[in-house]
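Observations on the model geometry
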Amino acid sequence: MIYLQVDFTGGARRNGASSAEIEGLASRSRLLGLDLRGLMCVAAPGERAARAAFGDTTRIADELGLVERSMGMTEDLEIACELGSTEVRVGRALFGSRVSKERSPNMDLGAVAARRS
């Protein structure tokens, strides 16, 4: 099962394809026999940007007949759910901010959770 990631930010540090490229990638994925289930995206910061990205992701997923939409993170999960998300990623809400690997190369999520309790 795969998801295609849509990049609405255009930022160099973000991964994913532009919304204009997604239809072609979906077609190619299906031709290759991949189990394409949905789209995923990470919105740029701010409510306006989140609403635009999540609304566009839902529209594109609907047009492609995809039922899954992985969109929304801790800071914008309510907007994502309102606009059709079927999955949200809330790691920061559960575990706090990421610990830099440079500072703690052997730390695992269990250790982070234990420290926070």
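Each chain carries its own residue numbering, running from 1 in the written order of its sequence. It should be noted that, the model being predicted, local features are given only for residues of pLDDT at least 70 and side-chain atom pairs only at 80 or more, the latter also being counted only at that level, while totals for whole chains, interfaces and linings use all residues. Calculated side-chain values reflect all of the structure's heavy atoms, with hydrogen atoms and water omitted.

**Some remarks on helix H1 (residues 19-31)**
Think of an α-helix as 3.6 residues a turn; residues three or four steps apart then line up on the same face. Each residue is placed in one exposure class: buried if its accessible area under a 1.4 Å probe, protein chains only, is under 20% of its type's maximum, exposed if it is over 50%, and partly exposed if it falls in between. The secondary structure listing takes helices from DSSP runs of H or I that are at least 4 residues long and strands from runs of E that are at least 2 residues long, numbered from the N terminus. Regarding H1, the residues found buried are Ile-22, Ala-26 and Ser-29. One face of H1 carries all of its buried residues, which in axial projection span an arc of 70 degrees. The outward face of H1, more than 90 degrees from its buried face, is lined by the exposed residues Ala-20, Glu-23 and Leu-31. Two residues or fewer past H1, Gly-33 is found with a positive phi of approximately 80 degrees. The arc refers to the directions leading from the helix axis to the C-beta atoms.

**Some details on the sheet that holds strand E4 (residues 87-89)**
We call two strands paired when DSSP finds no fewer than two bridges between them. In spatial order, the strands read E1-E2-E3-E4; together these four strands make up an open sheet with parallel pairing. With partners counted over all chains shown, the strands left at the sheet margins are strand E1 (2-6) and E4, one partner each. Averaged over all neighbouring strand pairs, the angle between strand axes comes to 25 degrees, with direction disregarded. Two strands pair when backbone bridges link them, and E1 and strand E2 (residues 36-41) are joined in this way by five bridges, in the parallel orientation. Bridge pairing in E2 links Tyr-3 to Gly-38. Relative to the sheet, H1 contacts E1 and E2, its axis offset from that of E1 by approximately 165 degrees. In the packing of helix H2 (residues 47-64) onto the sheet, contacts are made with E2 and strand E3 (68-73), and the angle to E3 comes to roughly 170 degrees. Convention adopted: a line fitted to C-alpha atoms gives each axis, helices being fitted over their contacting stretch, and angles between N-to-C directions are expressed from 0 to 180 degrees. The contact rule is simple, with two residues in contact once any of their heavy atoms fall within 4.5 Å.

**Points about the nonpolar core**
Among buried residues, those of type Ala, Val, Leu, Ile, Met, Phe, Trp, Tyr and Cys that are joined through side-chain atoms within 4.5 Å constitute a nonpolar core. Within the largest apolar cluster, 19 residues are counted, with the highest numbers of intra-cluster contacts made by Leu-4, Ile-22, Leu-39, Phe-54, Leu-64 and Leu-66. Secondary-structure elements contributing two or more residues to this core are E1, H1, E2, H2 and helix H3 (77-82). With near-sequence residues (within four places) excluded, Leu-39 lies in contact with Tyr-3, Leu-4, Val-6, Ile-22, Thr-57, Ile-60, Ala-61, Leu-66, Glu-68, Arg-69 and Ser-70.

**Quick word on the pattern of salt bridges**
A pair is scored as a salt bridge if a Lys or Arg side-chain nitrogen falls within 4 Å of a carboxyl oxygen belonging to Asp or Glu. Counting across every chain of the model gives six salt bridges. Note that Arg-59 and Glu-63 form a salt bridge whose closest N and O atoms lie 3.2 Å from each other. With Arg-59 and Glu-63 both in helix H2 and four residues apart, this pair spans about one turn of that helix. Look at Glu-63 and you get exposed, because its relative accessible area is 58%. With a closest N to O distance of 2.1 Å, Asp-62 and Arg-69 form a salt bridge. According to the relative accessible area criterion, Arg-69 is buried, its value standing at 11%.

**Quick word on the side chain of Arg-69**
Mapped onto the elements of the fold, Arg-69 is located in strand E3. Excluding anything up to four places from it in sequence, Arg-69 contacts Leu-39, Thr-58, Ala-61, Asp-62, Gly-84, Ser-85, Thr-86 and Glu-87.

**Digging into H2**
Expected span of a helix: the number of residues minus one, times 1.5 Å. Between its terminal C-alpha atoms H2 stretches 26 Å, which fits the 26 Å expected from 18 residues at 1.5 Å a residue. Every buried residue of H2 is listed here: Ala-50, Ala-53, Phe-54, Thr-57, Thr-58, Ile-60, Ala-61 and Leu-64. Looking straight down H2, one finds that the buried residues subtend no more than 165 degrees of arc, so they occupy a single side. In this structure, H2 carries Arg-48 and Glu-63 as exposed residues pointing more than 90 degrees from its buried face. Packing partners of the buried residues in H2 comprise H1, E2, E3 and H3.

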